[in-house]
Amino acid sequence: MSDLSIVSVETTILDVPLVRPHKFATTSMDAQPILLVGVTTGGGVTGYGEGVVPGGPWWGGESVETMQAVVERYLVPVLLGRRVDEITGILADIERVVAGARFAKAAVDVALHDAWARCLDVPVHTLLGGAFRSSVDVTWALGSAPVDEIIAEAREKIENRKHFSFKLKMGALDPAEDTERVLRVTEALAGQAGVRVDINARWDRLTALRHLPWLADGGVQLIEQPTPGEQLEVLAELNALLPIPVMADESVHTPHDALEVARRGAADVLAVKTTKCGGLRRSREVVAVARAAGLACHGATSIEGPIGTAASIHFACAEPGIDFGTELFGPLLFSEELLQEPLRYNDGQVHLPTGPGLGVELNMDAVKRWTRN
């Protein structure tokens, strides 16, 4: 086996343009910033991880700029000289040095797993207990275009067997107007595909009580995080009221968050992002709590690039607790391919990459092209 000691850690910020603007409740983006973290061993093996947030610091307080500073100044000294197979000890020491900063920690966690698996010449899922499936369902996030264009986009995806489940963002418009817009899309796709909504925690209790029943009655299949993340009692009230599942996202970052949601009956489904949870190890802990409580888990996205997405695919294919599908569509939004061979999407699913580590290889010309100066 080659030398497993960590000899260098490099960070690079990329700004990768999207094929169309992607809208959230409070912001929109036409390019996705990515912090690429490379961990290199004495044996010359490099593993990669991504630090990615959905559209900037509005969501969880981190950005690629803060992540780069945390990694370079505080995490690199913990890593250098250690072995890439010391992940448990390294992550424990990182927790003593930096509180929070889970998106930054996730980049390091994934890079360590990728490097260790490559040193062993095995896929990352082997380090997670092995894959029990080779693909997962992928929900597609529809854009913020006029309703007719959104419906046309969804029908094109269905006809070409790309996706059979769709998500619409809410929270940016007047609630009544927003609700009417969603119901028009749901009605148009009835019998063809499922529609769910994500309000990104932007409605207050009264707004949610007024409009969510209309969405449920209109055929929406799932409501994601309608109210602020910390207001678990409100989420529990809404979950008890609605006849369709409620999914918690902004409310769940840690295993303890998952425990609180379960205790209060605040959600039926947890959105598990390997990014917001702090990496693969911590994500497993979140899912373990959910499984013990009988809650479903959804493989959610922060609009990761192909490295972060590949990591989440390995996680979802090795973790039976991810039992409510995924939305690991991130690379499909990018206008340029960052891999030598793209991830494989078809028939509403994304397939597990094969090969050592994450099973993907970066196209360094593309990486260089979009590296921030």
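In this convention, every chain numbers its residues from 1, walking through the sequence in written order. Local features are withheld for residues below a pLDDT of 70 in this predicted model, meaning they are given only at 70 or higher, and side-chain atom pairs are given and counted only at 80 or more; totals for whole chains, interfaces and linings count all residues. Here the side-chain values reflect all heavy atoms present in the structure, with hydrogen atoms and water set aside.

Focus: helix α8 (residues 232-241)
Point 1. Within the span of α8, buried status applies to L232, V234, L235, A236, L238 and N239.
Point 2. Every residue pair with non-hydrogen atoms within 4.5 Å of one another is taken to be in contact. Only DSSP runs of H or I covering at least 4 residues are called helices, and only runs of E covering at least 2 are called strands; the numbering of each starts at the N terminus. On its buried face, α8 is in contact with α7 (205-217), β9 (246-248) and α9 (255-264). Burial classes: relative accessible area under 20% of the type maximum marks a residue as buried, over 50% as exposed, and values in between as partly exposed (1.4 Å probe, protein chains only).

Considerations on the pairing of strand β12 (residues 322-326)
Point 1. Of the strand pairs in this sheet, strand β11 (residues 296-299) and β12 are connected by two bridges, and their pairing is parallel. Its bridge partner being in β12, G299 is matched across the sheet by T326.
Point 2. For the handedness criterion, the β-α-β arrangement of β11, helix α11 (residues 306-318) and β12 is classed as right-handed. By the convention used here, strands pair only if DSSP detects at least 2 bridges between them. Whether a crossover is right-handed comes down to one check: with the strands pointing away from the viewer, does the path from the first strand over the helix to the second run clockwise; if it does, it is right-handed.

Re the environment of R264
Point 1. Relative to the helices and strands, R264 is located in helix α9.
Point 2. Measuring from C-alpha to C-alpha, the distance between R264 and T301 comes to 25 Å, with 37 residues separating the pair along the chain.
Point 3. In this structure, R264 is in contact with L232, E233 and A236, ignoring residues within four places of it in sequence.

Here's the deal with unusual backbone geometry
In most cases, non-glycine residues show a negative phi, while peptide bonds are predominantly trans.
Point 1. For D121, which is not a glycine, the phi torsion comes out positive at approximately 60°.
Point 2. Relative to the assigned elements, D121 resides in the loop between α3 (102-120) and α4 (124-127).
Point 3. The backbone of N200 shows a phi angle near 50°, a positive value even though the residue is not glycine.
Point 4. With respect to the element layout, N200 can be found in the loop between β7 (194-198) and α7.

Here we look at the environment of I244
Point 1. Of note, I244 is situated in the loop between α8 and β9.
Point 2. Once the C-alpha coordinates of I244 and P213 are considered, the two residues, 31 residues apart in sequence, prove to be 9.5 Å apart.
Point 3. The residues contacting I244, other than those within four sequence positions of it, are A216, V220, Q221, L222, I223 and D268.

A look at α3
Point 1. Here, expected helix span is obtained from the residue count minus one, scaled by 1.5 Å. Counted at 1.5 Å a residue, the expected span for α3 with its 19 residues is 27 Å, and the 27 Å between its end C-alpha atoms agrees.
Point 2. Counted residue by residue, α3 has 17 buried out of 19 residues, so it is predominantly covered.
Point 3. Where α3 terminates, the next one or two residues include D121, which has phi positive at roughly 60°.

Considering the UniProt feature "domain: Mandelate racemase/muconate lactonizing enzyme C-terminal" (unreviewed entry) in the chain
Point 1. UniProt records the feature "domain: Mandelate racemase/muconate lactonizing enzyme C-terminal" (unreviewed entry) for residues 147-245 in the present numbering.
Point 2. Between the end C-alpha atoms of residues 147-245 the distance is 24 Å, and the span holds 52% helix and 12% strand. UniProt positions are given in the numbering used here, feature names are shortened, and annotations may be inferred rather than shown by experiment.

Description of the side chain of K276
Point 1. Considering the arrangement of structural elements, one finds K276 in the loop between β10 (269-272) and α10 (280-293).
Point 2. We classify K276 as buried; its relative accessible area is 0%.
Point 3. N or O atoms within 3.5 Å of each other form a polar contact, as long as, within protein, one can give a hydrogen and the other can take it, and as long as residues adjacent in sequence are counted only when both atoms are side-chain atoms. From its side chain, K276 meets the backbone oxygen of A271 in a polar contact 2.7 Å long.
Point 4. Apart from the residues lying within four places of it in its own chain, the contact partners of K276 are W59, R102, F103, D249, V252, H253 and A271.

Some words on the environment of A236
Point 1. With respect to the secondary-structure elements, A236 resides in helix α8.
Point 2. Along the sequence, A236 and N200 sit 36 residues apart, while their C-alpha atoms lie 16 Å from each other.
Point 3. For A236, the residues in contact, after removing those within four places along its chain, are R264, G265 and A266.

Brief notes about the sheet that holds strand β6 (residues 165-169)
Point 1. In spatial order, the strands read β5-β6-β7-β8-β9-β10-β11-β12; together these eight strands make up an open sheet with parallel pairing. Since the sheet does not close on itself, it has two edges, and those belong to β5 (140-141) and β12, each with one partner.
Point 2. Two strands pair when backbone bridges link them, and strand β8 (residues 223-224) and β9 are joined in this way by two bridges, in the parallel orientation. Bridging from a neighbouring strand, I223 pairs with V246 of β9.
Point 3. Each axis is a line fitted through C-alpha atoms, and for a helix only the stretch in contact is used; angles between axes span 0 to 180 degrees, taken between their N-to-C directions. Taken strand by strand, helix α5 (residues 147-159) contacts β5 and β6, and its axis lies near 155° from that of β6.

Quick look at the pattern of salt bridges
Where charged atoms from two side chains of opposite charge come close, those side chains can pair.
Point 1. By convention in these notes, a salt bridge is any Lys or Arg side-chain nitrogen within 4 Å of a carboxyl oxygen on Asp or Glu. Under the counting rule described, the total for this entry stands at 26 salt bridges.
Point 2. For K167, the salt bridge goes to E327, with nearest N and O atoms at 3.0 Å. With K167 in strand β6 and E327 in the loop between β12 and β13 (345-346), the pair connects residues that are 160 residues apart, well separated along the chain. For the pair formed by K167 and E327, the shared burial category is buried.
Point 3. The structure contains a network of salt bridges with shared partners spanning K167, K169, D198, E224 and E327.

As for the nonpolar core
Point 1. Core analysis: the biggest nonpolar cluster contains 124 residues, and V84, L112, L212, L215, I223, L270 and V272 have the highest contact counts within it.
Point 2. In this view, V84 contacts L4, I6, V39, T41, L112, A115, W116 and C119; residues no more than four positions away in its chain are not counted.
Point 3. If you look at the next biggest cluster of nonpolar residues, it comprises six residues, including L222, V269, A271 and A300. For our purposes a nonpolar core is just a set of buried Ala, Val, Leu, Ile, Met, Phe, Trp, Tyr and Cys residues, chained together by side-chain atoms within 4.5 Å.

Quick word on the sheet that holds strand β2 (residues 28-41)
Strands belonging to one sheet form pairs held by backbone hydrogen bonds; the direction of such a pair is parallel or antiparallel.
Point 1. Pairing within the open sheet is antiparallel, and its three strands lie in the order β1-β2-β3. In the strand order of this sheet, the two ends are held by β1 (6-23) and β3 (46-51), each with one partner. Ignoring which end each strand starts from, the neighbouring axes of this sheet average 25° apart.
Point 2. Of the strand pairs in this sheet, β1 and β2 are connected by 13 bridges, and their pairing is antiparallel. Across the sheet, K23 pairs through a bridge with S28, a residue of β2.
Point 3. Sitting on the sheet, helix α1 (residues 64-79) touches β1, β2 and β3, and the angle it makes with β1 is about 160°.

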